[in-house]
Amino acid sequence: MSDSRIIQPDHNVYILGAGFSRDAGLPLLGDFLEKMWVAYARLGEMASVLNSEKPLSGEPSAEWKAKHENVLLRQRAIERVHEFRSRAASACFRIPLNVDNIEELFSLAAAREDPEVMDDIILSIMATLETSEERSAVPTMDLSVSDEGRGSFMPRKWSSAINSPRGVGTFRVPVYEYYAAILSGALCRDSGAAIFAPQAQQNTIITFNYDTLLDRALDAIGLRVDYVTEDENRKSYQQYNRQALFKIHGSLHFSHDDESKPHLCDIVPPTWRKNTVGDLQRVFRSAVAALSTARRIIILGFSIPPTDAHFKYLVSAGLMAHSNPLDVFFVNPAADSLQDNIFSVFREDMVDRNCLHIIGGREGYTDHFLQSPETLAWINRPLVTGWSNNHA
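Source: prediction; values computed, not measured. (Residues numbered from 1 in each chain as written. Predicted model: local features only at pLDDT ≥ 70, side-chain atom pairs only at ≥ 80, totals over all residues. Heavy atoms only, no water.)

Draft legend 1. Quick peek at the pattern of salt bridges. In total, this model carries 19 salt bridges according to the counting rule given. In this structure, D10 and R381 form a salt bridge, with 3.0 Å as the shortest nitrogen-oxygen distance. A residue pair is termed long-range when its members are at least 10 positions apart, and D10 in strand 1 (residues 10-16) and R381 in the loop between helix 14 (373-378) and strand 12 (387-388) qualify at 371 residues. When the shortest N-O distance is used, the salt bridge between R22 and D31 registers 2.8 Å. For D31, a relative accessible area of 14% corresponds to the buried category. Put simply, D10, R296 and R381 are held in one network by salt bridges that share partners. (Salt bridge = Lys/Arg side-chain N within 4 Å of Asp/Glu carboxyl O. Helix = DSSP H or I, 4+ residues; strand = E, 2+ residues; numbered from the N terminus. Buried < 20%, exposed > 50% of the residue type's maximum accessible area, 1.4 Å probe, protein only.)

Draft legend 2. Here's a closer look at the nonpolar core. Within the largest apolar cluster, 80 residues are counted, with the highest numbers of intra-cluster contacts made by W158, Y178 and W387. Sorting elements by how many residues they give to this core places helix 4 (residues 115-135) first, with 9 residues. V13, F284, A287 and F330 belong to the second largest nonpolar core, which has 31 residues in total. (Core = buried A, V, L, I, M, F, W, Y, C linked by side-chain atoms within 4.5 Å.)

Draft legend 3. Molecular detail of the sheet that holds strand 5 (residues 224-226). Spatially, 7 strands are ordered 5-6-4-1-9-10-11 in an open sheet, and the strand pairing comes out parallel. Only two strands of the sheet have a single partner each, and these edge strands are strand 5 and strand 11 (356-359). Averaged over all adjacent pairs, the angle separating strand axes in this sheet is 20°, with direction ignored. (Pairing = 2+ DSSP bridges. Axes fitted to C-alpha atoms, helices over the stretch in contact; angles between N-to-C directions.)

Draft legend 4. A look at the sheet that holds strand 3 (residues 169-174). The strand order across the open sheet formed by 3 strands is 3-2-12, and the pairing between neighbours is antiparallel. Looking at which strands have only one partner, the edges of the open sheet turn out to be strand 3 and strand 12. Its contacts with the sheet place helix 7 (residues 175-183) against strand 2 (140-145) and strand 3, and it is angled at close to 100° to strand 3. (Contact = heavy atoms within 4.5 Å.)

Draft legend 5. Quick peek at helix 4. Here helix 4 is 21 residues long and its end C-alpha atoms lie 30 Å apart, about the 30 Å a rise of 1.5 Å per residue gives. Helix 4 sits mainly inside the fold: 16 of its 21 residues count as buried. (Expected span 1.5 Å × (residues − 1).)

Draft legend 6. A look at the pairing of strand 6 (residues 242-247). For strand 6, the tally of buried residues reaches 5 of 6 residues, placing the bulk of the element in the interior. Here strand 4 (residues 201-207) runs beside strand 6; their pairing, made up of 4 bridges, is parallel. If you follow I205 over to strand 6, its bridge partner there is L245. The sheet contact formed by strand 5 and strand 6 spans 3 bridges and is parallel. When the sheet's bridge partners are listed, V225 is paired in strand 6 with Q243.

Here it is, written out as structure tokens:
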């Protein structure tokens, strides 16, 4: 019984795709190029403002120079990606390519093995997501807490939002803070449990997203994020005030491992060739280890695109050493049209055996799935006693 892989009876592993960030207005694969042009226009506005602030005489400040260089780098990168797309369109006369889908477009760029184009792609992704996050209005939602729930879980930020001397009632929170509280299990524990205490319940989050929506939401509710855990530290993300968030394709705020490219972040572009090295390789190993002890795998907002063989082998590697019963929940509003994608990874007979649950339509939206008492019960994460989310 010393093998940790057989003593995780209630371990949820959440796998998040671009659809998870859609509520905040961030792009999906299908509209990424459109959002990229929005970013380009915004960069033009920023360049105009910076030029108006440039001193008429004398040398501009180092801060001005840095901002100006960052804007120009991003503008030029987007222009070169657009030029590459125009050249790639000629291949469509002979090959069924959709150059308006960034995964296909960027996969073509990866096949040409041009490092400058790949750097432009990374900068273009950075600019698009930075602008989308800057312009996004993160939705809010109502939460209610009674006297019974008041002592179980209450981030300081939420407590200050309650207009009641007793600290009970209905109040509004950013929806991603609520998502963070559900995915971490912080709002799903028994009312008698100590706040953030290690439990038999375990929650791991694996994300393919580069944005920092969830990172900031976890921080806002008082959780420290563990991005990578070496073997000797694996138990750390079960400790007080910590949450494992494995960003296996990198993040906007991860530093590039090539010191000669300080203007780039460390991300793996969405192509058929996803090479993870350095820190991201360790993140990948941590994700595989987490999957090996999962009781449930919940896939939110990820379409399992045909070009992403990386996902298939991530899951396969994790399940090679798996010895628990396993339920997989595929949650996507377009699930009915994604059957081929789903069954390229999971066996169809898992549906017949009632261990693969495909949830589409209205129930497949992230907000519905993480707010509905019924679906939270499916993944054994009902809200703490005394709390409700006023789900309609």
